[in-house]
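Structural characterization, general
Residue-level listing of the chains:
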Amino acid sequence: MSAYKSDFLNVLDQRGLIHQISDPAALDDACSKGPITAYVGYDATATSLHIGNLISVTMLYWLQQTGHRPVTLMGGGTSMVGDPSFRDEQRQLLTEDAIATNIEGIKKIFGRILRYGEGPTDALMINNADWLLKLNYVQFLREVGRHFSVNRMLSFDSVKLRLDREQSLSFLEFNYMIMQGYDFVEISRRYDCILQMGGSDQWGNIINGVELSHRMGGKQLYALTTPLLTTSSGAKMGKTAKGAVWLNGDLFSPYDFWQYFRNTEDADVGRFLKVFTRLPLDEIAKLQALGGSEINEAKKILATEATAVVHGRAAADEAAETARRTFEEGAIAENLPTLEISRAELASGASVLALFVKANLVSSNGDARRQIKAGGIRVNDVVVTDDKMTLTNDNLTPEGVIKLSMGRKRHILLKPV
């Protein structure tokens, strides 16, 4: 039996995307009666969103697919302050120009996932700089600030963590939760928005908006958060040897993105198929049931479908074909990640250890030596046995590159320039 009346909450529930809802029955009733408007906010702290943000964008996708209107809020105003939630130190303050540049980069992902336009369920993109940067400070304190209890704000886990670790929490950062709460009220006034969604770490900030609307005589608002997504081994998603898993291809290539999901732990395949792909649940159930080596086929489908969501079907198919040629045929595919090396350095002999570290295939020279002893490092598909080996122009393939491989799944092309 369905847990909810509305298609929207049912989809989120069935795909494991619900952690908390402020008033489940009332929100379910509102969703079942007609189109609602809901938003997620994105601060412009980098030029791209990362894989953790993909979960909230996916919530907006299912919101739209079930007949409701999604709003993507760009944090042009809140990014001037920075969210202190669960951070040990203050974020670096960004200039308005840097924030504008970051927003332009962040916008790239939304058009691939959401449908924007003028229709009743078409997505809207707005910027909280439009109201936050125009506020009169004293008037804002009188109308909004008086509704916030410092005692209660200090009780939030996001604040307590910083204080318990005896790390400074600036007055600037302390204002962030007030600004985010006010955002919710302002968006509800302007766009008849009743729901804010986000990760579980945003619960306190979102609830502030729900309660502020009530105290200011506004409409009933709701909060919905997703679980913090971790792997079965307990690791937080989104970190690799190369750094964060960004959604923009110029920071993290479609091939690397494909490989990230191809390397999913066996126990996580079904869960990640539900969260990161659009495949029907009955098809996911069949893939999840695969055992032994067959689970690798499910991982390939997961990788291709997740990459298609973020980078488009053509890029996903190309990444899958590159992987097939590389792993099954031992070919050197043109769109493998590359590492440039100067021709002079290569001519004089470049250390294998140093090159594998530089390519982020190993963490250190010591790690490289251990991998060589284990037979895990290869150059041009030949196992390296000497940790003092150097690479020169003699190692270049007919394609003019050198293929560095760590294990069976991680490859970099060394390209002289």
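Provided above is the structure to which this section pertains.
A count of helical and extended segments in the protein gives 19 helices and 15 strands. Projecting the C-alpha coordinates of the protein onto the three principal axes gives extents of approximately 75 × 50 × 40 Å. Put simply, of all contacts in the protein between residues at least 6 apart along the chain, 71% involve residues at least 24 apart. Total accessible area computed for the protein in this model is approximately 19,300 Å², and 49% of it derives from carbon and sulfur atoms. Averaging the coordinates of the 46 positive side-chain charges in the protein and doing the same for the 49 negative ones gives two points 1 Å apart.

Moving on: the nonpolar core. Counting 99 residues, the largest nonpolar core has L195 and F276 as its most contacted members. With nine residues, helix α3 (residues 51–65) is the largest single contributor of residues to this core. Counting residues in hydrophobic clusters, the runner-up holds 22 residues, among them L355, V362, V384 and M406.

Here we take up α3. With 15 residues, α3 should cover 21 Å at 1.5 Å per step; its first-to-last C-alpha distance of 21 Å lies within 8% of that length. Summarising burial for α3: 13 of the 15 residues are buried, a large majority. Phi turns positive, to about 95°, at G67, one or two residues after α3.

Note: strands within a sheet are paired through backbone hydrogen bonds, in either parallel or antiparallel orientation. Spatially, the five strands line up as an open sheet ordered β9-β15-β14-β11-β12, and their pairing is mixed. A strand with exactly one partner marks an edge of an open sheet, and here the two such strands are β9 (338–341) and β12 (382–383). Here strand β11 (residues 377–379) pairs with strand β14 (residues 402–406) via three bridges, running antiparallel. Paired with R378 across the two strands is S405, which belongs to β14.

On β9, burial follows the alternation: L339 and I341 on one face are buried, whereas T338 and E340 on the facing-out side are not. Alignment of β9 against strand β15 (residues 410–416), held across four bridges, turns out to be parallel. If you follow T338 over to β15, its bridge partner there is L413.

Turning our attention to the side chain of D268. Checked against the element boundaries, D268 lands in the loop between α12 (254–262) and α13 (269–276). What makes D268 buried here is its relative accessible area of 0%. Not counting the four nearest positions on each side in its chain, D268 is found in contact with T231 and S232.

Right, let's get into the pattern of salt bridges. Inspection of the entire model under this criterion finds 15 salt bridges. Among the salt bridges present, the one from D29 reaches K5, with a minimum N-O distance of 3.1 Å. Within this pair, whereas D29 is found in helix α2 (residues 24–33), its partner K5 is found in the segment before α1 (7–14), the two being separated by 24 residues in sequence. In this structure, R369 and D387 form a salt bridge, with 3.7 Å as the shortest nitrogen-oxygen distance. Of this pair, R369 sits in helix α19 (residues 365–373) while D387 is found in the loop between β12 and β13 (390–391), placing the two residues 18 residues apart along the sequence. The exposure class of R369 is partly exposed, given its relative accessible area of 37%.

Basis of the calculations
- Residues numbered from 1 in each chain as written.
- Predicted model: local features only at pLDDT ≥ 70, side-chain atom pairs only at ≥ 80, totals over all residues.
- Heavy atoms only, no water.
- Helix = DSSP H or I, 4+ residues; strand = E, 2+ residues; numbered from the N terminus.
- Contact = heavy atoms within 4.5 Å.
- Areas by Shrake-Rupley, 256 points an atom, 1.4 Å probe, with all protein chains shown as cover.
- Lys, Arg positive; Asp, Glu negative; His and termini not counted.
- Charge placed at Lys NZ, Arg CZ, Asp CG, Glu CD.
- Core = buried A, V, L, I, M, F, W, Y, C linked by side-chain atoms within 4.5 Å.
- Buried < 20%, exposed > 50% of the residue type's maximum accessible area, 1.4 Å probe, protein only.
- Expected span 1.5 Å × (residues − 1).
- Pairing = 2+ DSSP bridges.
- Salt bridge = Lys/Arg side-chain N within 4 Å of Asp/Glu carboxyl O.

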